[in-house]
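Summary of the model geometry
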Amino acid sequence: MSLQLVEVRASRARLAVAADAERRRIERDLHDGAQQRLAGLALHIQSARRRASYPPDAMELLGFTVDELRAGLKDIRDLVHGILPPALVTGGLPAAIADLARPDTVVVTCQVPGRYAPSIEATAWFVACEGIANASKHAPGGTVHVEVSTAGGRLLVRVSDNGPGGADPDGRGLRHLADRVQAHAGSLRVDSPARGGTTLVADLPCVS
């Protein structure tokens, strides 16, 4: 392997780790800052409505304000969950992968002891999510199996569906996913024969 290639891979890994760290910082700031303030403000308004007598139009306005605050909180929670799921941060891959299960459509198995580097856990979770999202889009009504395990000092994420196959590994989503996996010294294999379903297999280092 040339020195230039080694440097490029090291640079990509540093960028990926930095991006994951920034993602976690944003999640923490949103949870501890904006969410807490909006929730507190909604409680204060509700308390004021119960303790004081306001004209009907003022009560209606206060009620509308509380509803809007709650809607804003939901938007923030959705945004935070899109960054990284709380289950991944607090419980690791077993908890986060379990949350992806859906009755009759997504079956998950996670046999991963302990915790790993946050960037590795995040990458594994993104692989699972991308595989499920692709299956939902191209094989609606099918079944998706997500398996996460360790073998030979590696973390393996396998996502397979029974859809029509024919996925393009050079498509934007899979290409971006492959770049992310490779940035962490891993590899992504896409097996998608026509009418044979699609299988994604990510092989990542077990960095604890």
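Quick look at the structure, then.

Calculation rules
- Residues numbered from 1 in each chain as written.
- Predicted model: local features only at pLDDT ≥ 70, side-chain atom pairs only at ≥ 80, totals over all residues.
- Heavy atoms only, no water.
- Helix = DSSP H or I, 4+ residues; strand = E, 2+ residues; numbered from the N terminus.
- Buried < 20%, exposed > 50% of the residue type's maximum accessible area, 1.4 Å probe, protein only.
- Areas by Shrake-Rupley, 256 points an atom, 1.4 Å probe, with all protein chains shown as cover.
- Axes fitted to C-alpha atoms, helices over the stretch in contact; angles between N-to-C directions.
- Parallel < 35°, antiparallel > 145°, perpendicular 65-115°, else oblique.
- Left-handed = near helix turned anticlockwise from the far one by under 90°.
- Contact = heavy atoms within 4.5 Å.
- Nonpolar A, V, L, I, M, F, W, Y, C, P; charged D, E, K, R; others polar.
- Pairing = 2+ DSSP bridges.
- Core = buried A, V, L, I, M, F, W, Y, C linked by side-chain atoms within 4.5 Å.
- Expected span 1.5 Å × (residues − 1).

Looking only at helices and strands, the chain has 5 helices and 5 strands in total. The N-to-C order of helical and strand elements in the chain reads α-α-α-β-α-β-β-α-β-β. Across the 208 residues of the chain, 34% fall into the buried class. Of the accessible surface of the chain, which amounts to about 12,000 Å², a share of 55% is contributed by carbon and sulfur atoms.

Let us look at the packing of helix α3 (residues 86-98) against helix α4 (residues 118-138). Axis separation between α3 and α4 bottoms out at 10 Å; the angle between their running directions is 40°. When the interaxial angle is binned, α3 and α4 end up oblique. Considering the relative orientation of α3 and α4, their crossing is left-handed. Of the residues in α4, those touching α3 at L88, G92, L93, A96 and I97 are E121, A122, A124, W125 and A128. Across the contact of α3 with α4, the residue classes break down as 8 nonpolar, 1 polar and 1 charged.

Along a regular strand, successive side chains alternate from one face of the sheet to the other. Strand direction decides the pairing type here: strand β1 (residues 106-111) and strand β2 (residues 144-151), joined by 6 bridges, are parallel. By the bridge assignment, V108 is partnered in β2 with V146.

Turning to the nonpolar core, a few remarks are in order. Counting 34 residues, the largest nonpolar core has L93, W125, V146, V148 and L155 as its most contacted members. Sorting the residues of this core by element identifies α3, α4, β2, β3 (154-161), α5 (172-183) and β5 (198-205) as the ones contributing at least two each. Looking at this core, the element that brings in the most residues is α4, giving 9 residues.

Turning our eyes to something else, we now look at the packing of α4 against α5. Direction vectors running N to C along α4 and α5 enclose 165°, while the axes themselves pass 10 Å from each other. In terms of orientation, α4 lies roughly antiparallel with respect to α5. In terms of crossing hand, the pair formed by α4 and α5 is left-handed. Within the contact between the two elements, α4 uses A122, T123, F126, V127, E130 and N134 and α5 uses G173, L174, L177, R180 and V181. When grouped by side-chain class, the residues that make up the contact of α4 with α5 number 6 nonpolar, 3 polar and 2 charged.

Right, let's get into α5. Between its first and last C-alpha atoms α5 spans 16 Å; for 12 residues at 1.5 Å apiece the expected length is 16 Å, and the two agree. Trailing α5 by a residue or two, A185 shows a phi angle of about 65°, which is positive.

Strand order in this open sheet of 5 strands is β1-β2-β3-β5-β4, and the pairing throughout is mixed. Bordering the open sheet on either side are β1 and β4 (187-191), each of which pairs with just one other strand. Neighbour-to-neighbour, the strand axes of the sheet open up by a mean angle of 10°, direction not taken into account. Those strands touched by α4 are β1, β2, β3 and β5, and its axis lies near 10° from that of β3. The strands touched by α5 are β4 and β5; relative to β4, the strand with the most contacts, the crossing angle is about 150°.

Let us look at the pairing of β4. Pairing analysis gives 5 bridges linking β4 to β5, with the strands arranged antiparallel. Residue V190 lies in a different strand from β5, and its bridge partner there is L200. As consecutive antiparallel partners, β4 and β5 are separated by 6 residues, and within that stretch R195 has a phi angle of approximately 60°, a positive value.

It is worth spelling out the environment of A39 at this point. Mapping A39 onto the fold places it in helix α1 (residues 3-51). A relative accessible area of 27% means that A39 is categorised as partly exposed.

This part is about the environment of R70. Positionally, R70 belongs in helix α2 (residues 56-83). Judged by its relative accessible area of 44%, R70 is partly exposed. In this structure, the C-alpha to C-alpha distance between R70 and L38, residues 32 residues apart in sequence, is 8.0 Å.

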